[in-house]
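# Breakdown of the fold
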Amino acid sequence: MAGQAERVNSRFGAKRDFAPWADPGSRPLVRFEQVTKRFGATSAVEELSLDIFAGEFFALLGPSGCGKTTLLRVLAGFEVPGEGRILLDGVDLAGTPPHRRPTNMMFQSYALFPHLTVERNIAFGLEQERMPSREITARVAEMLALVKLEGFARRKPDQLSGGERQRVALARSLAKRPRVLLLDEPMAALDKKLRAETQFELIELQARLGTTFVIVTHDQEEAMTLSDRMAVMERGRIVQVGTPAEIYERPNSRYVADFVGDVNLLEGRLASLDPGGAAIRGSDGAAFRVAQEVDTAPGTPVWVALRPEKVRIGRERPEDVRENVLAGTVAEIAYLGSVSVYKVALENGALMKAAVSNQARSSERNIGRSDRVWLSWPPEAAIVLTR
Amino acid sequence: MASNVPRTTPSPRVRGEGRGEGQLDAKSPSPDRAARGRPLPALRGEVRYGWAVVIPYAWLIAFFLAPFLIVFKISLSETTIAQPPYLPLLDLSAGWEGLGRFLAGLSFDNYVVLGSDRLYLAAYLKSLEVAAFSTLVLLLLGYPFAYAMTRVPRRLQAILVMLVVLPFWTSFLIRVYAWINILQRDGLFNQVLIALGVVDQPVGWLSTNTAVYIGIVYSYFPFMVLPLFAALEKIDVSLHEAAADLGARPVTTFWRVTVPLSRPGIIAGSLLCFIPIVGEFVIPDLLGGSATVMIGQTLWTEFFANRDWPIASAVAVVLLCLLIVPILIYQHQQAREIESR
């Protein structure tokens, strides 16, 4: 098991030289053990187990209603899990009220106290610790500098822009130096450009402070940009945990492949297994080959998942290739600036996407709408999904 | 009731209209450059506002200012036995001379009487004392009540608001009479106290200060609870969570977040209770004894028993002035808060 983790890790390495999850000897900072949280008859989180390690930037990704915010709130202590345990540093958090937990949360609404100035907002948590006022002043100044809001100390929240408020909320949640910082959709209210800037600031901040960050987001791009590891959630369960590269390159299900990034899914049955690969017979008779060891019996229904940017598109049929080739007609071309996405109608009626990066200034490929094209890809490009 | 809660933030719509110069350009054929740079005062939306403002002003002039001026005039008049009109009379046909004679005839004698007779001072002080103490009791009872209302499921909330307002469906007078019944010697209250073993003998509740306080607190409860509820309900739950998350115990959260944020409701509720209680007549008259003489009763006696309208009017004018003071203090404070933003 450990060997496998290492192997996966060496292929799809983490962003930095940091992978405590791959080391069987390291102890998680936060451990969810079979946690279940129900609201009435519906369960928001179901028998969920997860380890988060100290210093990690961890993302919980999923559509709205998948239970990711509930999981965060259970950790903060705002919700009490019906079953299961949550351990922080090996200590069960059950019975510890939110105000005694060494976690701090940055709320989606920011939840700044409207009647207090920026500095009093940031000082609020420190005052609860009965920190001497001189130290509070120093810490508040440090926090304001950290989020680049010097000079805003005396303002009230309603005198700030959305981006400034977001930074005050961040400063306030970091002021107490929490063991774990919880971020609930922290950038949902920012416009796209500001969001991108803030993401990079957040990465830098996390690297500098070394605090464990757990972020909840429904934006897969944000999760991939920010996190060391991410968990993809669906209906209260975790479907897959891994580094962004693992999740993107080796999704374990159609759900993950589809949720994280764009994907073409080709239906078929496993035809034969051979060392270092497998052959798949498409539902309309096409032959596919993948360079992946599949541990499923031949005959099982499977899906070949293929990222659009890994598909080659051309007007001529590639020579000497019998597998991983499909013919179709260009139905639509979307020019997105850095890439162009071709939507190709296959002979069986399905649509398949091929993304081509626009290295030359204009499209020299001379492929237009209604053109007959060939799509092809190497065996290493696709993977087989069994669910 | 929620509209009594003062608003401090200017509505964004009004703010936006100050900048709507583009709309104006289309209407004026040759907008000169200098005029364009300035925000123009008379935009169509604001003109409409201007007309709408006439309604409350007209109402206030007809039903507040005019009667007040009449009462004020009477308070400066001489006492004549039994009937109006009171001297001096304003003779408009005599022109400026008539006005001069009229003004010369006015006197502050009635106010001097108010100041010199201990009876009035005692009644004013008693009224302020009763109003202040009842408002405090109302706040102490109403706040937890309103707070609890915000914590119940939404459907139950609507029912609770209805129940708080429900007594209004019965005549106020009948409800106070009902209290006479409850508080009398063989009334329900004494029966319950005896059954519980709190007292051995029936207690004479009626005609005491306690009865007055019970009546006032009961009658004014909705006026305290509703503004408090409106203010508390507006506080975002995530603010409570944020306070807890930052390490504040529930008690700290209450004092440092909930109470400051519900201040508009506390002030609105307190004013809504304090002001009418000062002038309260029915409750002390029916439930209180001779020890509790409030200014409302004094006023009534002057008007109807003594038939001394000028003194009665002077009593009313002083009462009004007394009540305006807390409102002005409050408004001044509000204005300062808006400026500091």
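Residues numbered from 1 in each chain as written. Chains lettered and ligands numbered in written order. Predicted model: local features only at pLDDT ≥ 70, side-chain atom pairs only at ≥ 80, totals over all residues.

### Section: the overall build of chain A
- A tally of helices and strands in chain A yields 9 helices and 20 strands.
- Residues classed as buried in chain A amount to 38% of the 387 residues present.
- Excluding contacts between residues fewer than 6 apart, the proportion of contacts in chain A whose partners are at least 24 apart in sequence is 64%. (Helix = DSSP H or I, 4+ residues; strand = E, 2+ residues; numbered from the N terminus. Buried ≥ 20, exposed ≤ 12 C-beta atoms within 10 Å, placed from the backbone. Contact = placed C-beta atoms within 7 Å.)

### A closer look at the overall build of chain B
- Counting its secondary structure elements, chain B contains 17 helices and 0 strands.
- Counting every position in chain B, which comprises 341 residues, the buried fraction comes to 25%.
- In chain B, the proportion of contacts linking residues at least 24 apart, taken out of those at least 6 apart, comes to 70%.

### Some words on the sheet that holds strand β14 (residues 301–306) of chain A
All names here are of chain A.
- Strand order in the open sheet formed by 5 strands is β13-β12-β11-β14-β20, and the pairing between neighbours is antiparallel. One side of each edge strand has no neighbouring strand; the edge strands of this open sheet are β13 (287–290) and β20 (383–385). Pairs of neighbouring strands in the sheet enclose a mean axial angle of 45°, with direction left out of account. (Pairing = 2+ DSSP bridges. Axes fitted to C-alpha atoms, helices over the stretch in contact; angles between N-to-C directions.)

### Things to note about helix α6 (residues 192–209) of chain A
- Helix length check: α6(A), at 18 residues, gives a terminal C-alpha distance of 26 Å against a target of 26 Å (1.5 Å per residue), a fit within 8%.
- A:Gly210 sits one or two residues past α6(A) and shows a positive phi near 70°. (Expected span 1.5 Å × (residues − 1).)

### Some details on the nonpolar core
- Core analysis: the biggest nonpolar cluster contains 103 residues, and A:Leu60, A:Ala171, A:Leu182, A:Val214, A:Val232, A:Val304 and A:Ala305 have the highest contact counts within it.
- In this view, A:Val304 contacts A:Leu266, A:Gly268, A:Ile280, A:Phe288, A:Val290, A:Ala382 and A:Val384; residues no more than four positions away in its chain are not counted.
- Membership of the second largest hydrophobic core comes to 47 residues, among which are B:Leu183, B:Leu232, B:Leu272 and B:Leu287. (Core = buried A, V, L, I, M, F, W, Y, C linked by C-beta atoms within 7 Å.)

### Observations concerning the interface of chain A and chain B
- Opposite the 18 residues of chain A that make contact, chain B presents 16 residues.
- Of all the secondary structure elements, the ones that give two or more residues to the side of chain A that touches chain B are β6 (103–106) and α3 (118–128) of chain A.
- Counting residues per element, the side of chain A that touches chain B draws most heavily on α3(A), which supplies 3 residues.
- Grouping the constituent residues of the side of chain A that touches chain B by class yields 8 nonpolar, 7 polar and 3 charged. (Nonpolar A, V, L, I, M, F, W, Y, C, P; charged D, E, K, R; others polar.)

### With respect to the pairing of strand β8 (residues 212–217) of chain A
Residue and element names in this part refer to chain A.
- Counting buried positions along β8 gives 6 out of 6 residues, so the element sits mostly inside the fold.
- Inspection of the sheet shows strand β3 (residues 57–61) paired to β8 by 5 bridges, in the parallel sense. Of the residues in β8, the one forming a bridge with leucine 60 is valine 216.
- The pairing of strand β7 (residues 180–184) with β8 spans 5 bridges and is classified as parallel.

### Considering the environment of B:Met224
Residue and element names in this part refer to chain B.
- Inspection of the secondary structure puts methionine 224 in helix α11 (residues 209–234).
- You can call methionine 224 buried: it has 30 C-beta atoms within 10 Å.
- Residues methionine 224 and alanine 335, spaced 111 residues apart in sequence, show a C-alpha to C-alpha distance of 23 Å.
- Beyond its immediate stretch of four places on either side in the chain, methionine 224 contacts Leu138, Leu139, Gly142, Gly269 and Cys273.

### What to know about the packing of α3(A) against helix α5 (residues 162–174) of chain A
All names here are of chain A.
- Direction vectors running N to C along α3 and α5 enclose 25°, while the axes themselves pass 7 Å from each other. Comparing the axis directions of α3 and α5 gives the class roughly parallel. In this structure, α3 meets α5 at a crossing whose hand is right-handed. Where α3 abuts α5, its residues Val118, Asn121, Ile122, Phe124 and Gly125 lie against Val168, Ala171 and Arg172.
- Split into classes, the residues belonging to the contact of α3 with α5 amount to 5 nonpolar, 2 polar and 1 charged. (Parallel < 35°, antiparallel > 145°, perpendicular 65-115°, else oblique. Left-handed = near helix turned anticlockwise from the far one by under 90°.)

### Brief notes about the environment of B:Ala248
- Topologically, B:Ala248 is positioned in the loop between α12 (237–245) and α13 (250–261).
- In the structure, B:Ala248 is positioned 72 residues away from B:Val176 in sequence and 44 Å away in space, judged by C-alpha atoms.

### Quick word on the sheet that holds strand β16 (residues 325–335) of chain A
Residues and elements named next belong to chain A.
- In space, the 5 strands of this open sheet follow the order β15-β19-β16-β17-β18, with antiparallel pairing throughout. Of all the strands in the sheet, the pair left with one neighbour each is β15 (312–314) and β18 (351–357). Neighbour-to-neighbour, the strand axes of this sheet turn through a mean angle of 45°, independent of strand direction.
- Direction of pairing for β16 relative to strand β19 (residues 372–376): antiparallel, over a ladder of 5 bridges. Bridged to glycine 328 within β19 is valine 373.

### Examining unusual backbone geometry
All names here are of chain A.
- A positive phi angle, close to 70°, is found at tyrosine 110, a residue other than glycine.
- Note that tyrosine 110 resides in the loop between β6 and α3.
- Although it is not a glycine, arginine 177 sits at a positive phi angle of roughly 50°.
- Tracing the sequence through the fold places arginine 177 in the loop between α5 and β7.

### Considerations on the pairing of β3(A)
All names here are of chain A.
- For β3, a buried count of 5 out of 5 residues is recorded, marking the element as mostly surrounded by other parts of the structure.
- In this structure, β3 lies alongside strand β9 (residues 229–234), joined through 4 bridges in parallel fashion. Residue pairing for β9: leucine 60 is matched across the bridge by alanine 231.

### Structural notes on the confidence of the model for chain B
Residue and element names in this part refer to chain B.
- When pLDDT is averaged along chain B, the result is 80; 82% of the residues meet or exceed 70.
- Here residues 1–45 scores under 50 on pLDDT; set against residues more than four positions off or in separate chains, the count is 34 contacts.
- Taken over the whole predicted complex, pTM reads 0.75, whereas the ipTM for its chain interfaces reads 0.79. (pLDDT = per-residue confidence, 0-100.)

### Some remarks on the environment of A:Glu249
Residues and elements named next belong to chain A.
- Turning to its location among the elements, glutamate 249 is positioned in helix α8 (residues 244–249).
- The class of glutamate 249 is partly exposed, set by 16 C-beta atoms lying within 10 Å.
- As a C-alpha pair, glutamate 249 and valine 294 span 45 residues in sequence and 15 Å in three-dimensional space.

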